[in-house]
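# Working through the structure, step by step
Now for the letters of each chain:
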Amino acid sequence: MSHAETCDAAANRPLTEDELCESRMLTGADFQLCGAWATPYPHQMECVLAARKIQEGYAELPCGSGKSGIVAMIANDGGNERDPPRSVLVVGGGRSASVQLFEEVRRNTTLGQALTFAFAAETKARRVPEVRGREVMITSYHHLSAALKGNGGFHSARKYTRRSWDLIILDECHQAMADGAWANIQLLRSPQTAVIGLTGTPFRTPTPEELRTALSTDTILEQNSRFLNKLGPCFYSVTAKELESKNLIARVKYNFVTVPQGSDMYESYEHLSKTE
(Lines give C-alpha, C1' and ligand atoms only; values in the text may rest on other atoms or scores of the structure.)
Protein backbone atom coordinates (compact mmCIF):
# COMPACT_ATOMS: atom_id res chain seq x y z
CA MET A 1 0.00 0.00 0.00
CA SER A 2 1.40 3.39 -0.96
CA HIS A 3 1.68 6.35 1.37
CA ALA A 4 -1.05 8.15 -0.57
CA GLU A 5 -3.40 5.20 -0.13
CA THR A 6 -3.01 5.29 3.63
CA CYS A 7 -4.53 8.79 3.70
CA ASP A 8 -8.30 8.74 3.56
CA ALA A 9 -9.17 10.48 0.30
CA ALA A 10 -12.28 12.22 1.64
CA ALA A 11 -10.65 13.38 4.87
CA ASN A 12 -7.45 14.53 3.18
CA ARG A 13 -9.20 16.62 0.55
CA PRO A 14 -8.17 20.22 -0.23
CA LEU A 15 -9.97 22.99 1.66
CA THR A 16 -12.96 24.59 -0.04
CA GLU A 17 -12.87 28.22 -1.13
CA ASP A 18 -15.01 29.17 1.89
CA GLU A 19 -12.60 27.40 4.23
CA LEU A 20 -9.59 29.05 2.60
CA CYS A 21 -11.30 32.41 2.94
CA GLU A 22 -12.00 31.69 6.61
CA SER A 23 -8.38 30.69 7.21
CA ARG A 24 -7.23 34.05 5.86
CA MET A 25 -9.61 35.89 8.17
CA LEU A 26 -8.46 34.08 11.30
CA THR A 27 -5.55 35.42 13.35
CA GLY A 28 -3.35 34.00 16.05
CA ALA A 29 -5.50 35.76 18.67
CA ASP A 30 -8.43 33.53 17.65
CA PHE A 31 -6.42 30.62 19.04
CA GLN A 32 -4.94 32.48 22.04
CA LEU A 33 -1.57 32.71 20.30
CA CYS A 34 0.89 35.50 20.96
CA GLY A 35 4.63 36.17 20.82
CA ALA A 36 6.47 34.20 18.14
CA TRP A 37 3.24 32.39 17.24
CA ALA A 38 1.07 35.49 16.83
CA THR A 39 0.86 35.04 13.05
CA PRO A 40 0.32 31.38 12.07
CA TYR A 41 1.44 30.14 8.67
CA PRO A 42 -1.16 29.16 6.05
CA HIS A 43 -0.41 25.44 6.38
CA GLN A 44 -0.97 25.65 10.13
CA MET A 45 -4.38 27.24 9.57
CA GLU A 46 -5.25 24.63 6.95
CA CYS A 47 -4.32 21.79 9.30
CA VAL A 48 -6.48 23.17 12.11
CA LEU A 49 -9.47 23.69 9.81
CA ALA A 50 -9.07 20.12 8.52
CA ALA A 51 -8.95 18.82 12.10
CA ARG A 52 -12.37 20.36 12.79
CA LYS A 53 -14.05 17.81 10.54
CA ILE A 54 -12.88 14.66 12.30
CA GLN A 55 -13.29 12.89 15.62
CA GLU A 56 -10.03 10.97 15.28
CA GLY A 57 -7.14 10.96 12.83
CA TYR A 58 -3.65 12.31 12.28
CA ALA A 59 -1.75 14.93 10.30
CA GLU A 60 1.69 14.57 8.72
CA LEU A 61 3.95 17.61 8.79
CA PRO A 62 7.75 17.74 8.42
CA CYS A 63 10.18 18.81 11.12
CA GLY A 64 10.36 22.58 11.52
CA SER A 65 6.85 23.16 10.20
CA GLY A 66 5.45 24.45 13.49
CA LYS A 67 3.71 21.38 14.93
CA SER A 68 3.94 22.82 18.46
CA GLY A 69 1.97 25.85 17.32
CA ILE A 70 -0.59 23.59 15.67
CA VAL A 71 -0.95 21.67 18.94
CA ALA A 72 -1.85 24.92 20.71
CA MET A 73 -4.20 25.98 17.92
CA ILE A 74 -6.13 22.69 17.94
CA ALA A 75 -6.30 22.80 21.75
CA ASN A 76 -7.82 26.29 21.58
CA ASP A 77 -10.07 25.83 18.57
CA GLY A 78 -13.78 25.65 19.09
CA GLY A 79 -14.69 25.44 15.44
CA ASN A 80 -17.10 27.94 14.06
CA GLU A 81 -18.63 28.48 17.51
CA ARG A 82 -15.26 29.68 18.85
CA ASP A 83 -15.83 27.71 22.04
CA PRO A 84 -12.68 25.65 22.70
CA PRO A 85 -12.83 22.27 24.44
CA ARG A 86 -12.98 22.52 28.22
CA SER A 87 -10.48 19.76 28.97
CA VAL A 88 -7.51 18.96 26.72
CA LEU A 89 -4.73 16.42 27.32
CA VAL A 90 -1.60 16.85 25.18
CA VAL A 91 0.71 13.82 25.18
CA GLY A 92 4.18 14.39 23.76
CA GLY A 93 7.49 12.58 23.43
CA GLY A 94 9.99 12.12 26.26
CA ARG A 95 10.33 14.32 29.32
CA SER A 96 12.69 16.84 27.71
CA ALA A 97 10.45 17.14 24.63
CA SER A 98 7.41 17.64 26.87
CA VAL A 99 9.21 20.31 28.89
CA GLN A 100 10.14 22.10 25.67
CA LEU A 101 6.57 21.87 24.39
CA PHE A 102 5.20 23.21 27.69
CA GLU A 103 7.61 26.15 27.68
CA GLU A 104 6.80 27.02 24.07
CA VAL A 105 3.06 26.93 24.71
CA ARG A 106 3.46 28.92 27.92
CA ARG A 107 5.48 31.66 26.18
CA ASN A 108 3.46 31.90 23.01
CA THR A 109 -0.14 31.59 24.18
CA THR A 110 -2.40 33.45 26.59
CA LEU A 111 -3.61 30.27 28.30
CA GLY A 112 -2.27 31.36 31.69
CA GLN A 113 -3.47 29.18 34.57
CA ALA A 114 -5.49 27.00 32.20
CA LEU A 115 -2.15 25.48 31.09
CA THR A 116 -0.87 22.76 33.42
CA PHE A 117 2.12 20.44 33.36
CA ALA A 118 1.89 16.81 34.43
CA PHE A 119 5.37 16.82 36.01
CA ALA A 120 4.56 19.73 38.34
CA ALA A 121 3.41 17.52 41.22
CA GLU A 122 6.70 15.62 41.16
CA THR A 123 8.86 18.72 41.00
CA LYS A 124 6.93 21.07 43.27
CA ALA A 125 3.98 20.68 45.60
CA ARG A 126 3.04 17.04 44.93
CA ARG A 127 -0.57 18.19 44.82
CA VAL A 128 -3.16 17.49 42.15
CA PRO A 129 -5.39 20.52 41.62
CA GLU A 130 -9.13 20.09 41.66
CA VAL A 131 -11.03 20.48 38.41
CA ARG A 132 -11.73 24.16 37.97
CA GLY A 133 -12.61 25.79 34.68
CA ARG A 134 -10.72 25.02 31.52
CA GLU A 135 -7.49 22.99 31.46
CA VAL A 136 -4.86 22.14 28.85
CA MET A 137 -2.49 19.60 30.41
CA ILE A 138 0.82 18.58 28.80
CA THR A 139 2.45 15.25 29.62
CA SER A 140 4.61 12.55 28.02
CA TYR A 141 3.88 8.97 26.96
CA HIS A 142 6.27 7.62 29.59
CA HIS A 143 4.82 9.69 32.45
CA LEU A 144 1.28 8.73 31.47
CA SER A 145 2.21 5.04 31.37
CA ALA A 146 4.02 5.16 34.73
CA ALA A 147 1.13 6.95 36.39
CA LEU A 148 -1.54 4.58 35.13
CA LYS A 149 0.57 1.58 36.19
CA GLY A 150 0.74 3.04 39.69
CA ASN A 151 4.48 3.71 39.53
CA GLY A 152 3.98 7.40 40.21
CA GLY A 153 1.68 7.15 43.21
CA PHE A 154 -2.07 7.56 43.51
CA HIS A 155 -2.05 11.29 42.83
CA SER A 156 -0.11 10.86 39.61
CA ALA A 157 -2.80 8.56 38.22
CA ARG A 158 -5.53 10.85 39.49
CA LYS A 159 -4.18 13.67 37.33
CA TYR A 160 -5.43 11.78 34.33
CA THR A 161 -8.55 10.11 35.71
CA ARG A 162 -10.09 13.00 37.68
CA ARG A 163 -11.88 14.42 34.68
CA SER A 164 -13.35 13.44 31.34
CA TRP A 165 -11.17 14.69 28.47
CA ASP A 166 -12.92 16.44 25.59
CA LEU A 167 -9.81 16.28 23.40
CA ILE A 168 -6.58 14.27 23.47
CA ILE A 169 -3.78 15.54 21.22
CA LEU A 170 -1.00 13.08 20.46
CA ASP A 171 2.16 14.96 19.51
CA GLU A 172 4.68 12.64 17.80
CA CYS A 173 1.75 10.25 17.53
CA HIS A 174 3.87 7.46 16.03
CA GLN A 175 5.08 6.94 19.61
CA ALA A 176 1.50 6.34 20.71
CA MET A 177 1.40 3.18 18.62
CA ALA A 178 4.02 1.49 20.80
CA ASP A 179 2.99 -1.44 22.98
CA GLY A 180 0.91 -0.17 25.88
CA ALA A 181 0.84 3.50 24.88
CA TRP A 182 -2.25 3.21 22.69
CA ALA A 183 -3.98 1.11 25.35
CA ASN A 184 -3.35 3.89 27.88
CA ILE A 185 -5.00 6.42 25.58
CA GLN A 186 -8.06 4.18 25.33
CA LEU A 187 -8.34 4.10 29.12
CA LEU A 188 -8.69 7.88 29.21
CA ARG A 189 -11.09 8.47 26.35
CA SER A 190 -14.86 8.43 26.38
CA PRO A 191 -17.12 8.07 23.31
CA GLN A 192 -17.15 11.87 23.11
CA THR A 193 -13.37 12.32 23.28
CA ALA A 194 -11.75 13.51 20.07
CA VAL A 195 -8.23 12.14 19.45
CA ILE A 196 -5.98 14.10 17.08
CA GLY A 197 -2.40 13.09 16.24
CA LEU A 198 0.52 14.94 14.67
CA THR A 199 3.66 13.33 13.32
CA GLY A 200 6.71 14.04 11.22
CA THR A 201 7.55 10.31 11.14
CA PRO A 202 4.64 8.57 9.42
CA PHE A 203 6.61 5.56 8.20
CA ARG A 204 7.51 2.59 10.37
CA THR A 205 10.63 0.60 9.54
CA PRO A 206 10.49 -3.20 9.74
CA THR A 207 10.99 -4.83 13.12
CA PRO A 208 13.88 -7.31 13.55
CA GLU A 209 11.36 -10.17 13.45
CA GLU A 210 9.85 -8.89 10.19
CA LEU A 211 13.33 -8.54 8.74
CA ARG A 212 14.27 -12.09 9.75
CA THR A 213 11.05 -13.38 8.16
CA ALA A 214 11.81 -11.47 4.96
CA LEU A 215 15.30 -12.95 4.84
CA SER A 216 13.95 -16.47 5.20
CA THR A 217 11.22 -15.99 2.58
CA ASP A 218 13.25 -13.85 0.16
CA THR A 219 10.74 -10.98 0.12
CA ILE A 220 11.19 -7.22 -0.07
CA LEU A 221 9.95 -5.13 2.83
CA GLU A 222 8.36 -1.77 2.20
CA GLN A 223 8.07 1.08 4.65
CA ASN A 224 4.45 1.99 5.33
CA SER A 225 2.24 4.01 7.63
CA ARG A 226 -0.40 1.33 8.16
CA PHE A 227 0.59 1.15 11.82
CA LEU A 228 -1.13 4.55 12.23
CA ASN A 229 -4.44 3.29 10.83
CA LYS A 230 -5.94 2.54 14.25
CA LEU A 231 -5.58 6.23 15.11
CA GLY A 232 -7.82 7.07 12.16
CA PRO A 233 -7.34 8.58 8.70
CA CYS A 234 -4.61 10.98 7.67
CA PHE A 235 -6.68 14.17 7.55
CA TYR A 236 -3.92 16.56 6.49
CA SER A 237 -0.51 16.17 4.88
CA VAL A 238 2.14 18.60 3.67
CA THR A 239 5.65 17.76 2.50
CA ALA A 240 8.96 19.42 3.29
CA LYS A 241 9.42 20.17 -0.40
CA GLU A 242 6.11 22.10 -0.51
CA LEU A 243 7.11 24.23 2.48
CA GLU A 244 10.67 24.68 1.19
CA SER A 245 9.33 26.05 -2.11
CA LYS A 246 7.39 28.70 -0.15
CA ASN A 247 10.41 29.49 2.08
CA LEU A 248 8.42 28.43 5.15
CA ILE A 249 11.06 26.01 6.39
CA ALA A 250 14.81 25.83 5.86
CA ARG A 251 15.99 23.75 2.93
CA VAL A 252 17.22 20.36 4.00
CA LYS A 253 20.93 19.69 3.54
CA TYR A 254 21.92 16.08 2.97
CA ASN A 255 25.14 14.32 3.83
CA PHE A 256 26.09 11.00 2.31
CA VAL A 257 27.30 8.53 4.91
CA THR A 258 28.51 4.96 4.42
CA VAL A 259 27.40 1.95 6.44
CA PRO A 260 29.18 -1.32 7.31
CA GLN A 261 29.30 -3.70 4.38
CA GLY A 262 29.75 -7.07 6.07
CA SER A 263 28.04 -10.06 4.47
CA ASP A 264 25.33 -10.23 7.16
CA MET A 265 24.57 -6.52 6.84
CA TYR A 266 24.48 -6.75 3.05
CA GLU A 267 21.87 -9.51 3.14
CA SER A 268 19.70 -7.37 5.40
CA TYR A 269 20.03 -4.29 3.20
CA GLU A 270 19.23 -6.35 0.13
CA HIS A 271 15.74 -7.05 1.46
CA LEU A 272 14.83 -3.44 2.19
CA SER A 273 13.13 -1.14 -0.27
CA LYS A 274 15.12 1.71 -1.81
CA THR A 275 13.25 4.23 0.37
CA GLU A 276 14.68 2.50 3.41
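Overview of the structure. Computed from a predicted structure; not experimentally measured. (Residues numbered from 1 in each chain as written. Predicted model: local features only at pLDDT ≥ 70, side-chain atom pairs only at ≥ 80, totals over all residues. Heavy atoms only, no water.)

## Here we look at the packing of helix α7 (residues 141-148) against helix α9 (residues 181-188)
For any two helices packed against each other, one specifies the crossing angle of their axes together with the interaxial distance. Taken N-terminus to C-terminus, the directions of α7 and α9 make an angle of 65°; their axes are 10 Å apart at the nearest point. Overall, the two elements α7 and α9 adopt an arrangement that is roughly perpendicular. The crossing of α7 and α9 is left-handed. Here Tyr-141, Leu-144, Ser-145 and Leu-148 of α7 come into contact with α9, specifically with Ala-181, Asn-184, Ile-185, Leu-187 and Leu-188. (Axes fitted to C-alpha atoms, helices over the stretch in contact; angles between N-to-C directions. Helix = DSSP H or I, 4+ residues; strand = E, 2+ residues; numbered from the N terminus. Parallel < 35°, antiparallel > 145°, perpendicular 65-115°, else oblique. Left-handed = near helix turned anticlockwise from the far one by under 90°. Contact = heavy atoms within 4.5 Å.)

## Quick notes on the packing of helix α3 (residues 42-51) against helix α4 (residues 67-75)
In contact at an axis separation of 10 Å, α3 and α4 are set at 40° when each is read in the N-to-C sense. Put simply, α3 runs oblique to α4. Seen along the crossing, α3 lies across α4 with a hand that is right-handed. Taken together, the residues of α4 that come into contact with α3 (itself represented by Gln-44, Met-45, Cys-47, Val-48 and Ala-51) are Gly-69, Ile-70, Met-73 and Ile-74.

## A few points about unusual backbone geometry
At Gln-32, a position not held by glycine, the phi torsion is positive, near 60°. One can find Gln-32 in the loop between α2 (17-25) and α3. A relative accessible area of 25% places Gln-32 in the partly exposed class. Residue Asn-247 is not a glycine yet carries a positive backbone phi of 60°. (Buried < 20%, exposed > 50% of the residue type's maximum accessible area, 1.4 Å probe, protein only.)

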